[in-house]
Amino acid sequence: MRTPLIAGNWKMNGSLALVEAFAEAFAEARLPADVEVALMLPFPYLGAGGAAFRGGPLALGAQTLSDQPSGAFTGEVSGAMLADLGARYVLVGHSERRTLFGEDDAAVRARVEAALEHGLAPVLCLGETLEEREAERTEAVVLGQLAAVFDALPPEQRQRLAIAYEPVWAIGTGRTASPEQAQAVHAAIRARLADYDAGLAEGMRLLYGGSMKADNAAELLAQSDIDGGLVGGASLKVDDFLAICQSAG
Ligand code: 13P
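Bear in mind the structure is a predicted one, so any value in this text is a computation, not a measurement.

## Digging into the nonpolar core
Turning to step 1, where the next piece is worked out: In terms of nonpolar packing, the biggest core is built from 65 residues, with Phe150, Ile189 and Leu193 touching the most fellow members.
Turning to step 2, where the next piece is worked out: Apart from the residues lying within four places of it in its own chain, the contact partners of Leu193 are Leu146, Phe150, Ile163, Leu200, Ala201, Met204 and Leu206.
Turning to step 3, where the next piece is worked out: Grouped together as the second largest cluster of nonpolar side chains are 14 residues, Ala38, Ala59, Tyr89 and Ala164 included.

What follows is the structure, given as structure tokens:
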């Protein structure tokens, strides 16, 4: 069976004090035994997170990485640097990266490859805009984003990813996809993965993201193809995030 993964994406929020507060609260919290929890921290807090989370239940993740291994790329951060700091996960292709920073499918693919090269587990983000949903293009868009990465990967590398379905219209809007809407897209993603390999489809963790909160998480996570959550706003409050993690057990 797939171990649920609840990942918090702090985006450009938080503080050193909040990193410490999460480390302390989670060290003492009673979490379900079969749930994995990660926090995708802003770059400057990764070092502190790596130290504070050691030995505790929180895994460390980053929000993006360079597609280059090293060199004259002012302001960029490489996969090797993230691995050095103890990161296990890295988000790739978040819709904010795609829309605000111009990352197209080729850029996303290159970052997935860079992450894999450094032993990181990429969490590949997929999602349609409201306009695309209303034009009934949701599956075409999401499965296109999926194929742009998975077609290019050697089969043995594909199983190292996790996938997050984040409808753009649900991110930060308080407008969550209904459990049925989310489940339908997750099922389509899993069916597409089965075209590559049945075992790949069975083992792949598919997270839902977009206004996941303590009061709607259980219903979303109960869907058969939803294996976790990628949580933005609600991952900045210890109690809210803990409640979501607890509802995944
Ligand atoms: P919200 O939970 O704030 O909607 O953000 C979702 C998200 O983008 C996580 O990556």
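Let us keep going from here.
## Notes on the packing of helix α1 (residues 16–28) against helix α2 (residues 46–53)
Turning to step 1, where the next piece is worked out: Two numbers describe how α1 lies on α2: the axes approach to 9 Å, and their chain directions differ by 20°. Between α1 and α2, the angle falls in the class roughly parallel. With respect to the hand of their crossing, α1 and α2 are arranged in right-handed fashion. Contacts between α1 and α2 involve Leu16, Val19, Glu20 and Ala23 from the former and Ala48, Gly49, Ala52 and Phe53 from the latter.
Turning to step 2, where the next piece is worked out: Among the residues forming the contact of α1 with α2, the class breakdown is six nonpolar, one polar and one charged.

## A few points about the site of the ligand
Turning to step 1, where the next piece is worked out: Neighbouring the ligand are 13 residues, the closest being Lys11, His94, Gly172, Ser211 and Gly233.
Turning to step 2, where the next piece is worked out: Between an oxygen atom of the ligand and a main-chain N or O atom of Gly172, the distance comes to 2.6 Å.
Turning to step 3, where the next piece is worked out: Between the ligand and Gly232 there is a distance of 2.9 Å, counted from an oxygen atom to a backbone nitrogen or oxygen.
Turning to step 4, where the next piece is worked out: Considered on its own, the ligand offers 300 Å² of accessible surface; in the complex 96% of this is hidden by protein.
Turning to step 5, where the next piece is worked out: Along the lines of polarity and charge, the residues of the shell around the ligand split into four nonpolar, seven polar and two charged.

## What about the sheet that holds strand β5 (residues 121–126)?
Turning to step 1, where the next piece is worked out: Taken in spatial order, the eight strands close into a barrel running β1-β2-β3-β4-β5-β6-β7-β8, and their pairing is parallel. With strand direction ignored, the average angle separating the axes of adjacent strands in the sheet is 25°.
Turning to step 2, where the next piece is worked out: The pairing of strand β4 (residues 89–92) with β5 spans four bridges and is classified as parallel. Looking at the pairing, Leu91 lines up with Val123 of β5.
Turning to step 3, where the next piece is worked out: Along the sheet, helix α7 (residues 138–150) makes contact with β5 and β6 (162–165), crossing β5 at roughly 155°.
Turning to step 4, where the next piece is worked out: Together, β5, β6 and β7 (206–209) form the strand contacts of helix α9 (residues 179–196), whose direction differs from that of β7 by roughly 150°.

## Here's the deal with unusual backbone geometry
Turning to step 1, where the next piece is worked out: Despite not being glycine, Glu136 shows a phi value in the positive range, around 55°.
Turning to step 2, where the next piece is worked out: The phi dihedral of Ser211 falls on the positive side, at around 55°, and the residue is not glycine.
Turning to step 3, where the next piece is worked out: Along the chain, Ser211 turns up in the loop between β7 and α11 (217–221).

## Quick word on the pattern of salt bridges
Oppositely charged side chains can pair when the atoms bearing their charge come close.
Turning to step 1, where the next piece is worked out: Enumeration according to the criterion identifies 13 salt bridges in this entry.
Turning to step 2, where the next piece is worked out: Measuring nitrogen to oxygen at the nearest pair gives 2.8 Å for the salt bridge that ties Glu96 to Lys11. Of this pair, Glu96 sits in helix α4 (residues 95–100) while Lys11 sits in the loop between β1 (5–9) and α1, and the two are 85 residues apart along the sequence.
Turning to step 3, where the next piece is worked out: With a relative accessible area of 25%, Glu96 lands in the partly exposed category.
Turning to step 4, where the next piece is worked out: For Arg190, the salt bridge is made with Asp225, and the minimal N-O distance between the two is 2.5 Å.

## Some thoughts on the environment of Ala177
Turning to step 1, where the next piece is worked out: With respect to the element layout, Ala177 can be found in the loop between β6 and α9.
Turning to step 2, where the next piece is worked out: Under the relative-accessibility criterion, Ala177 is labelled buried at 2%.
Turning to step 3, where the next piece is worked out: Discounting residues that sit within four places of it in the chain, Ala177 has contacts with Pro167, Trp169, Ala170, Ala182, Tyr208 and Leu220.

## Focus on the packing of aromatic side chains
Turning to step 1, where the next piece is worked out: Under the counting rule described, the total for this entry stands at six aromatic pairs.
Turning to step 2, where the next piece is worked out: With a centroid separation of 6.2 Å and an interplanar angle of 55°, the aromatic rings of Phe22 and Phe241 are classed as tilted. Pair noted here: Phe22 is in helix α1 and Phe241 is in helix α12 (residues 238–247), with a separation of 219 residues, a long-range link. The same class applies to Phe22 and to Phe241, which are both buried.
Turning to step 3, where the next piece is worked out: Pairing Phe26 with Phe241 gives two aromatic rings, centres 5.9 Å apart and planes at 45°, and the pair type is tilted. A residue pair is termed long-range when its members are at least 10 positions apart, and Phe26 in helix α1 and Phe241 in helix α12 qualify at 215 residues. Phe241 shares its class with Phe26; the two are buried.
Turning to step 4, where the next piece is worked out: Joined through ring pairs, the aromatic side chains of Trp10, Phe22, Phe26 and Phe241 make up one cluster.
Turning to step 5, where the next piece is worked out: A cation sits over an aromatic face here: Arg97 above Phe101, 4.1 Å from the ring centre.

Reading guide: rules and limits
Residues numbered from 1 in each chain as written. Predicted model: local features only at pLDDT ≥ 70, side-chain atom pairs only at ≥ 80, totals over all residues. Heavy atoms only, no water. Core = buried A, V, L, I, M, F, W, Y, C linked by side-chain atoms within 4.5 Å. Buried < 20%, exposed > 50% of the residue type's maximum accessible area, 1.4 Å probe, protein only. Contact = heavy atoms within 4.5 Å. Axes fitted to C-alpha atoms, helices over the stretch in contact; angles between N-to-C directions. Helix = DSSP H or I, 4+ residues; strand = E, 2+ residues; numbered from the N terminus. Parallel < 35°, antiparallel > 145°, perpendicular 65-115°, else oblique. Left-handed = near helix turned anticlockwise from the far one by under 90°. Nonpolar A, V, L, I, M, F, W, Y, C, P; charged D, E, K, R; others polar. Near = heavy atom within 4 Å. Polar contact = N/O pair within 3.5 Å; in protein donor to acceptor, adjacent residues only side chain to side chain. Areas by Shrake-Rupley, 256 points an atom, 1.4 Å probe, with all protein chains shown as cover. Pairing = 2+ DSSP bridges. Salt bridge = Lys/Arg side-chain N within 4 Å of Asp/Glu carboxyl O. Phe/Tyr/Trp six-rings, centres within 6.5 Å; stacked < 30°, edge-to-face > 60°. Lys NZ or Arg CZ within 6 Å of the ring centre and 35° of its normal.

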